[in-house]
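# Residue-level structural notes
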Amino acid sequence: MADGRRGPEAGPAPYDRFAGQLADARRTGLRISAPTGRLPGDRFEAAMVQRQTIARSGEPVAGWKVALHPDHGPVAAPIGHAAEAVDGVAAFDFASAEALEVEIAFRLARDLVPLKGRPHTEDTILDHVASIHIGVEFIAHRLRPRDRSSFPLFLADRLGNGGYVLGPAIGRPLARALAGGPREGAGSIRLAFDGGTASVFDARHPDGNPFTPLLAFLNAPEGEAQDNGFWRFCAGQFVTTGSFCGAVPFMECSSVSVDWLGSLSIGLQIAEPAAIIS
């Protein structure tokens, strides 16, 4: 690696015990009372844990959550458990959830990697995109709040991702409008549980533009973001970059409906609520 940092191949599964805890917590919905074994100390070690957790879970990487952290810069986490809507309707099963986020997701037509000799722009990103979708992210932390205060542990826990539903596609002009902020056509998001009264949110991306975290990630100096050997965005996967309505507390229910740039209805199969386990 150009900056001399270690990549995810360093050592024979050095974080296996902690990765096992995360994989078990993902499967059961039970939070980890105390992380054990060797723990990650930086973003590169956290990526190693992500990779080992995905390997233990047996889930393919369906997509990526990319974020621009105010103190730690651009980072990514794999999304393993995902479903896709057909005609605006999806079925989704999961162990636990704390919140929902309504987002947009870029499905890739080809691998999206840093360009040589020039930076990515919104146009070059869209050149790699097959379609753009409404998406709903389920937030489900495997760690207790005191442990999430450690950024490497939070990143190892895949930034709290608990699953994703890919909704209907939207047009590229509409995606361009979203990059301009709410005054350019992002509109309002209506979110309802079990067909109840919808909560209404002004659609606003936390970074002002859904392309911003992805541009920061792809254009970061070598070794600072994508150069860890694992964070690689491949054709067929999707990339999402943040909620347009913040984190909406999850209410136990059998369905969620979203009306924003299109309509999405999600039927849910939910296990017992999360508890604290060792």
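What this report covers is the structure whose coordinates are included nearby. (Residues numbered from 1 in each chain as written. Predicted model: local features only at pLDDT ≥ 70, side-chain atom pairs only at ≥ 80, totals over all residues. Heavy atoms only, no water.)

Further remarks concern the overall build of the protein. Summing up its helical and strand segments, the protein has seven helices and 15 strands in all. By the burial criterion, 52% of the 278 residues in the protein qualify as buried. Within the protein, residue pairs in contact and separated by at least 24 positions form 75% of the contacts whose partners lie at least 6 positions apart. Of the roughly 11700 Å² of accessible surface on the protein, a fraction of 50% belongs to carbon and sulfur atoms. (Helix = DSSP H or I, 4+ residues; strand = E, 2+ residues; numbered from the N terminus. Buried < 20%, exposed > 50% of the residue type's maximum accessible area, 1.4 Å probe, protein only. Contact = heavy atoms within 4.5 Å. Areas by Shrake-Rupley, 256 points an atom, 1.4 Å probe, with all protein chains shown as cover.)

Where helix H1 (residues 16-28) meets helix H2 (residues 43-57), the axes come as close as 8 Å, and the angle between the chain directions of the two elements is 55°. It follows from the interaxial angle that H1 and H2 lie oblique. With respect to the hand of their crossing, H1 and H2 are arranged in right-handed fashion. Where H1 abuts H2, its residues Asp16, Phe18, Ala19, Gly20, Leu22 and Ala23 lie against Val49, Gln52, Thr53, Arg56 and Ser57. (Axes fitted to C-alpha atoms, helices over the stretch in contact; angles between N-to-C directions. Parallel < 35°, antiparallel > 145°, perpendicular 65-115°, else oblique. Left-handed = near helix turned anticlockwise from the far one by under 90°.)

By the secondary structure assignment, Arg43 is in helix H2. Judged by its relative accessible area of 16%, Arg43 is buried. A polar atom in the side chain of Arg43 sits 2.9 Å from the backbone oxygen of Pro74. (Polar contact = N/O pair within 3.5 Å; in protein donor to acceptor, adjacent residues only side chain to side chain.)

When the terminal C-alpha atoms of H1 are compared, their 18 Å separation across 13 residues agrees well with the 18 Å that a helix rising 1.5 Å per residue should span. Within the span of H1, buried status applies to Phe18, Ala19, Gly20, Gln21, Leu22, Ala23, Ala25 and Arg26. In the core, the buried residues of H1 are packed alongside strand S1 (31-32), H2 and helix H5 (151-156). (Expected span 1.5 Å × (residues − 1).)

Here we come to the nonpolar core. Phe138, Trp231, Phe233, Val258, Trp260 and Leu268 are the most contacted members of the largest nonpolar core, which has 69 residues in total. Not counting residues up to four positions away in its chain, the partners in contact with Phe138 are Phe92, Phe94, Ala97, Ala99, Leu100, Gly160, Asn161, Gly162, Gly163, Val165, Phe250 and Leu268. Formed by five residues, the second largest nonpolar core is a distinct cluster that contains Ile79, Ala105, Leu166 and Phe238. (Core = buried A, V, L, I, M, F, W, Y, C linked by side-chain atoms within 4.5 Å.)

Next up on the list: the pattern of salt bridges. Evaluation of the coordinates by the stated rule reveals eight salt bridges. The partner of Asp16 in a salt bridge is Arg56, and the shortest N-O contact between them spans 3.0 Å. A residue pair is termed long-range when its members are at least 10 positions apart, and Asp16 in helix H1 and Arg56 in helix H2 qualify at 40 residues. By relative accessible area, which is 44% here, Arg56 ends up partly exposed. The salt bridge involving Arg107 is made with Glu84; its shortest N-O contact spans 2.7 Å. With a gap of 23 residues between them, Arg107 in strand S6 (residues 99-108) and Glu84 in strand S4 (residues 82-84) connect regions that are remote in the sequence. (Salt bridge = Lys/Arg side-chain N within 4 Å of Asp/Glu carboxyl O.)

Bringing unusual backbone geometry into the picture now. Positive phi, normally seen in glycine, also occurs at Asp87, with a value near 55°. Of note, Asp194 is a non-glycine position whose phi angle comes to about 55°, a positive value. Structurally, the position occupied by Asp194 is in the loop between strand S9 (188-193) and strand S10 (199-202).

For an α-helix, 3.6 residues make a turn, and residues three or four places apart therefore share a direction. For H2, built from 15 residues, the straight-helix expectation of 21 Å at 1.5 Å per residue is met to within 8% by its first-to-last C-alpha distance of 21 Å. Of all the 15 residues making up H2, eleven are buried; the element is thus mostly covered by neighbouring parts of the structure. Those residues of H2 not exposed but buried are Arg43, Phe44, Glu45, Ala46, Ala47, Met48, Val49, Gln50, Gln52, Thr53 and Ile54. One side-chain oxygen of the residue at the start of H2 lies 3.1 Å from the amide nitrogen of Phe44, identifying that residue as Asp42. One or two residues past the end of H2 sits Gly58, with phi positive at roughly 80°.

Every regular strand shows the same layout, with side chains that alternate between the two sheet faces. Burial along strand S5 (residues 89-94) is one-sided: Ala90, Phe92 and Phe94 are buried, while Val89, Ala91 and Asp93, pointing the other way, are not. Pairing geometry for S5 and strand S14 (residues 263-270), over six bridges, is parallel. Its bridge partner being in S14, Phe94 is matched across the sheet by Ile270. (Pairing = 2+ DSSP bridges.)

An order of S5-S14-S13-S9-S10 is seen for the five strands of this open sheet, with the pairing classed as mixed. Across the chains shown, the open sheet's two edge strands, defined by having one partner strand only, are S5 and S10. Strand-to-strand, the axes of this sheet are offset by a mean angle of 20°, without reference to chain direction. Looking at chain direction, S9 and strand S13 (residues 255-259) are connected through four bridges and run antiparallel. What sits directly across from Arg190, in S13, is Asp259.

Geometry only, nothing functional implied.
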